Amino acid sequence: MSIKFLKETVKDNTLLSVIDKVINRDRITSKEGIYLFKNADVSYLGVLANFIREREHGNKTYFNKNFHIEPTNICVFDCKFCAYSKFLREKDDFGAWELSEEDIFEAIKAYEGKDITEVHIVGGVHPKMGLEYFKNLISKIKEMRPDLHVKAFTAVELDYMSRKAKVSYKECLQILKDAGQGSLPGGGAEIFDKTVRDQICKDKCTGEQWLEMHEAAHSVGMPSNATILYGHIEEPKHVIDHMNRLRELQDKTGGFNAFIPLKFRNGNNQMSDIEEVSIVEDLKMYAIARIFLDNFNHIKAYWPMIGRKTTQLLLSFGVNDIDGTVDDSTKIYTMAGAEEQKPVMSSEQMIALIKDVNRQPIERDSVYNELRDYSETELV
Ligand code: V47
Ligand code: SF4
């Protein structure tokens, strides 16, 4: 359905005014954002989100070639949704891991000669792995692979690192940047609102600290991503408050690359009694993110978490980026019950996934420089 036709069929005044705002590139308010969650149906949201997506990016759909390193799942925190972490006292239990430096270098060496452009390093907050350790680790990784972009550490890990090392956020980030770190992933954001955050991840950094960390990263020249963990106990007002705080920070710094909604998965965690939301809620979440976050260039669907089929559908609901090849190197979602029990996609499979829904596959680097257009590439 075209946006013009949508305008002719919609009768609700608020929904009509949101259409006009989208067409005129005007910003929607938080009140309107909440209204969309409560009153707009998924087809209306899809038309608007797709209109914005195609206006900004045409059919272009970005992916990159990356892999993950998760140094440990030992964590001092106890997020209720986490299916992955173990306390230090459980370090000898089945399922706990602590990679040695050698293990990490082996993992890097395994990609020697391969045209991978990014390593994504995140893990549990291990009480014995601090700033000094990670600074040296990054320097050595960059010595081995100067061409590799290192996207590393959630604001939660960084907050702990800087407090232990007794340095400011900015100093901590500058040290890591000097060692070769290129950017920050978006994890740890969850829901900024204190009442919700206290119920799902009370002991880790606050929403305000998460935002402060990303502001500090942008100020030292490191871009970052932002996430939201949706589909559990939060309400529309919390989601909109979360996105509003991100929109305000983005106005100030312009340092965010992508927004990544992460769907709560209920396997093997302390929130397993909460049912997962339906695909309709997923589509609405992504579409409203695309409409609300007018100053974010990219909305990313992280396929190992949301699954390949939904990812394809999301390319018509505002999404223009599907992350990377990942190469079976992350356990966060498989342990929480995501469909992707083996998150491996070759570049050919990513290209096919994008082409199957008539979009244009573009390989990008970590900061969205276009590396290669695969539209004309014949797949064997
Ligand atoms: O902050 C943990 C989420 C995040 C569950 O920046 C869960 O490019 C759903 O942020 N159900 C970490 N989600 C991962 C992350 C990420 C992933 C891919 C790309 C990027 C990027 C960032 O994973 C955590 C938390 O929100 N998470 N457990 C769960 N049960
Ligand atoms: Fe630790 Fe991250 Fe799991 Fe929270 S989500 S318990 S910070 S590993």
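See above for the structure.
Residues numbered from 1 in each chain as written. Chains lettered and ligands numbered in written order. Predicted model: local features only at pLDDT ≥ 70, side-chain atom pairs only at ≥ 80, totals over all residues. Heavy atoms only, no water.

I'm lost on the overall build of the protein chain in this one. Help?
Helix and strand counts for the protein chain stand at 15 helices and 11 strands. Overall, the protein chain is about 65 × 50 × 40 Å in size when its C-alpha atoms are taken along their principal axes. Among the 380 residues that make up the protein chain, the fraction classed as buried is 57%. For the protein chain, the share of sequence-separated contacts (at least 6 apart) that also reach a separation of at least 24 residues comes to 75%. Taking the average location of the 50 positive side-chain charges in the protein chain and that of its 60 negative ones, the two points are 2 Å from each other. (Helix = DSSP H or I, 4+ residues; strand = E, 2+ residues; numbered from the N terminus. Buried < 20%, exposed > 50% of the residue type's maximum accessible area, 1.4 Å probe, protein only. Contact = heavy atoms within 4.5 Å. Lys, Arg positive; Asp, Glu negative; His and termini not counted. Charge placed at Lys NZ, Arg CZ, Asp CG, Glu CD.)

What am I meant to see in the site of ligand 2 here?
All residues adjacent to ligand 2 are C75, F77, C79, F81, C82, Y84, S85, G124 and K204. Here the residues of the shell around ligand 2 sort into 6 nonpolar, 2 polar and 1 charged. (Near = heavy atom within 4 Å. Nonpolar A, V, L, I, M, F, W, Y, C, P; charged D, E, K, R; others polar.)

Hey, could you run me through the environment of M271 in this one?
Tracing the backbone shows M271 in the loop between β7 (256-263) and α12 (279-292). Note on M271: relative accessible area 5%, which makes it buried. Taking the C-alpha atoms as reference points, M271 and V239, separated by 32 residues in sequence, lie 19 Å from one another. Aside from chain neighbours lying at most four places away, what touches M271 is K80, F81, I200, H232, F264 and N266.

Would you mind showing me how to read the site of ligand 1 here?
Taken together, 23 residues lie near ligand 1, and K151, G186, G188, E190 and K300 sit nearest. Within the backbone of G188, an N or O atom sits 2.7 Å from an oxygen atom of ligand 1. One of the side-chain N or O atoms of K300 is found 2.8 Å from an oxygen atom in ligand 1. Protein chains shield 95% of the accessible area of ligand 1, which is 620 Å² for the free molecule. (Polar contact = N/O pair within 3.5 Å; in protein donor to acceptor, adjacent residues only side chain to side chain. Areas by Shrake-Rupley, 256 points an atom, 1.4 Å probe, with all protein chains shown as cover.)

What am I meant to see in helix α8 (residues 169-179) here?
Residues separated by three or four positions in an α-helix point in the same direction, a consequence of the helix having 3.6 residues per turn. Turning to α8, its buried residues are Y169, C172, L173, L176 and A179. The buried residues of α8 occupy one face: seen down the axis, they fall within an arc of 120°. Buried residues belonging to α8 abut α6 (131-144), α7 (155-165), β5 (181-183) and α10 (207-219). A positive phi of about 125° marks G180, the residue just after α8. (Arc of directions from axis to C-beta.)

Geometry only, nothing functional implied.
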